[in-house]
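Coordinate inspection notes
Chain residues, written in single-letter form:
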Amino acid sequence: MFEAMLELDDSRWSELTHAYGAASDIPDLLHALAKRPQQQGANNEPWFTLWSSLFHQGDVYTASYAAIPHVVQIAVSEENPIDFDFLLLPASVDVARVNGRGPEVPDFLIVAYDSAIARLPDCVAAHLGESWNQDMTIAAIAAIAVSKRHHALAEAVMNLDEDWITKINNVDWE
């Protein structure tokens, strides 16, 4: 467990906010995620609500910073393949934070949040032996870039899709 991680039963969750108000619902979503870490896809629960609450239209919130250590801890601890959202959500939140798309990290969350971002390469390493699709590979690269404070690179990688990859690979460099 991360040092100073906000426990899921801590009353301060109700003082934190997400896109829809008080974040008192986030601990239950994180409990659900921990019970079913193989749940795939941002359109499935609890990922759908976590994404829409913690990274809403590119903005992040105080609850985003409190939730990320839990997301990373689940990913590091999981022995089975994980969904790419375990890497993409932390990378997205940190890029948004650096780009001024959210409040400052509250003092009581800084240590755990910074530790979680620094441990993103551990998440990637814990799942290197698995078969990855392109989405997982992009998320892993973005997570490593964020952990090394290369936020512009992480953002560029997260914006890659088949069209951009084709365009980049077909550029006439002469």
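Keep in mind that this is a model prediction, so the values were computed, not measured. (Residues numbered from 1 in each chain as written. Predicted model: local features only at pLDDT ≥ 70, side-chain atom pairs only at ≥ 80, totals over all residues. Heavy atoms only, no water.)

Before going further, it helps to examine the overall build of the chain. Across its full length, the chain carries nine helices and four strands. Mapped from its N terminus to its C terminus, the chain presents α and β elements in the order β-β-α-α-β-β-α-α-α-α-α-α-α. A compact globule built from 174 residues would reach a C-alpha radius of gyration of about 16 Å, and the chain, at 16 Å, matches this within 12%. Along the first, second and third principal axes, the C-alpha set of the chain runs to 60 × 35 × 30 Å. By the burial criterion, 45% of the 174 residues in the chain qualify as buried. Of the contacts made within the chain by residues no fewer than 6 positions apart, 71% connect residues no fewer than 24 positions apart. Of note, the chain has its 9 positive side-chain charges centred 3 Å away from the centre of its 26 negative side-chain charges. (Helix = DSSP H or I, 4+ residues; strand = E, 2+ residues; numbered from the N terminus. Rg over C-alpha atoms; globule rule 2.2 N^0.38 Å. Buried < 20%, exposed > 50% of the residue type's maximum accessible area, 1.4 Å probe, protein only. Contact = heavy atoms within 4.5 Å. Lys, Arg positive; Asp, Glu negative; His and termini not counted. Charge placed at Lys NZ, Arg CZ, Asp CG, Glu CD.)

A few words on the pattern of salt bridges. Inspection of every chain in the model, using the stated rule, returns five salt bridges. In this structure, the salt-bridge partner of R97 is D94, at a minimum N-O distance of 2.8 Å. One end of the pair, R97, and the other, D94, are both in helix α4 (residues 85–98), three residues apart, so they sit about a helical turn from each other. A relative accessible area of 0% places D94 in the buried class. Across the salt bridge formed by R119 and D122, the nearest N and O atoms sit 3.2 Å from each other. The exposure class assigned to R119 is partly exposed, which follows from its relative accessible area of 24%. Here the residues in one salt-bridge network are D94, R97 and R149, joined through shared partners. (Salt bridge = Lys/Arg side-chain N within 4 Å of Asp/Glu carboxyl O.)

What follows covers the environment of A22. Considering the arrangement of structural elements, one finds A22 in strand β2 (residues 21–22). Residue class for A22 comes out partly exposed when judged on its relative accessible area of 43%. When the C-alpha atoms of A22 and D9 are compared, they prove to be 15 Å apart, with 13 residues separating the residues in sequence. With sequence-adjacent residues up to four places away left out, A22 is seen in contact with S14 and L16.

Bringing the nonpolar core into the picture now. Counting residues in hydrophobic clusters, the biggest one holds 51 residues, and the most contacted among them are W13, I26 and L87. Counting residues per element, the ones that place at least two in this core are α1 (26–35), α2 (47–54), α3 (62–77), α4, α5 (107–118), α6 (120–126), α7 (134–147) and α8 (151–158). Looking at which element gives the most residues to this core, the answer is α3, with ten residues. In contact with W13, not counting residues within four places along its chain, are L6, E7, L8, A23, S24, I26, P27, L30, A63, A66, A67 and H70. (Core = buried A, V, L, I, M, F, W, Y, C linked by side-chain atoms within 4.5 Å.)

So, on to the side chain of H70. The residue H70 is located in helix α3 in this model. Overall, the relative accessible area of 8% leaves H70 in the buried class. When sequence neighbours within four positions are dropped, the list of residues in contact with H70 reads M5, L6, L8, W13 and L30.

Nothing here speaks to function; it is geometry throughout.
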